[in-house]
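The residues making up each chain are set out below.
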Amino acid sequence: MTIIIILILCGLVILSVAIHLSLLRCLIYLIRRMQSFPILGMGISMFAAISGHLFEIWIFSLAIMLMCSDVRFGSFAGDDQLTKGDYFYYSALSYTSLGFGDVSPEGALRTLSAVEAITGLVLIAWTASFAFLVMQELWGNKSR
């Protein structure tokens, strides 16, 4: 069972990174064509990046929901028929490392939550670095 959990976690991390990389590469292509509209370029970039994060959170929430359907992977303490929205909410809390603590995982879901938090931290930092580079690209030469 441990090897299955490791494979699931690796798959989720690789998929999230691949999605994020693909999104940022598309945005670079778009931004280079929007030099005349820097505010619009920045706005589109941030909207797309946030949408990418939400999609990555959704993927993790699907994995959590599927894992919860098999008791061998664990469950949530006080699981009173969680909805898809509840799984997304929990995933968003984990991904952003916010963790209110109102939903508590048990079993392998605890490991998944930790990996999701680390993945979210890295991808959010990557987005912040990307935003900085976008601002340099769009406004760097105009401020001199």
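What counts and what doesn't
- Residues numbered from 1 in each chain as written.
- Predicted model: local features only at pLDDT ≥ 70, side-chain atom pairs only at ≥ 80, totals over all residues.
- Heavy atoms only, no water.
- Salt bridge = Lys/Arg side-chain N within 4 Å of Asp/Glu carboxyl O.
- Helix = DSSP H or I, 4+ residues; strand = E, 2+ residues; numbered from the N terminus.
- Buried < 20%, exposed > 50% of the residue type's maximum accessible area, 1.4 Å probe, protein only.
- Contact = heavy atoms within 4.5 Å.
- Phe/Tyr/Trp six-rings, centres within 6.5 Å; stacked < 30°, edge-to-face > 60°.
- Lys NZ or Arg CZ within 6 Å of the ring centre and 35° of its normal.

- An unreviewed UniProt entry annotates the protein chain as Ion channel originating from Bythopirellula goksoeyrii.

Observations regarding the pattern of salt bridges
Argument step 1. One pass over the full model with this rule turns up 2 salt bridges.
Argument step 2. Glu137 is paired through a salt bridge with Arg32; the nearest N and O atoms lie 3.6 Å apart. Of this pair, Glu137 sits in helix 4 (residues 108-139) while Arg32 is found in the loop between helix 1 (2-31) and helix 2 (38-68), placing the two residues 105 residues apart along the sequence.
Argument step 3. Residue Asp70 is joined to Arg72 by a salt bridge in which the shortest nitrogen-to-oxygen separation is 2.6 Å.

Looking at the side chain of Thr119
Argument step 1. Inspection of the secondary structure assignment puts Thr119 in helix 4.
Argument step 2. The class for Thr119 is buried, based on a relative accessible area of 7%.
Argument step 3. Discounting residues that sit within four places of it in the chain, Thr119 has contacts with Val13, Ser16 and Phe60.

Concerning the packing of aromatic side chains
Argument step 1. In total, this model carries 3 aromatic pairs according to the counting rule given.
Argument step 2. Measuring from ring centre to ring centre gives 6.2 Å for Phe76 and Tyr87, while their planes differ by 55°; the resulting arrangement is tilted. Residue Phe76 is found in strand 1 (residues 75-76), and its partner Tyr87 is found in helix 3 (residues 84-95); the two are separated by 11 residues along the sequence. The pair formed by Phe76 and Tyr87 is uniform in burial state, with each residue classed as buried.
Argument step 3. Put simply, the rings of Phe76, Tyr87 and Tyr90 touch in pairs and so form one group of aromatic residues.
Argument step 4. Above the plane of the ring of Tyr29 lies Arg33, whose end atom (NZ or CZ) is 3.7 Å from the centre.

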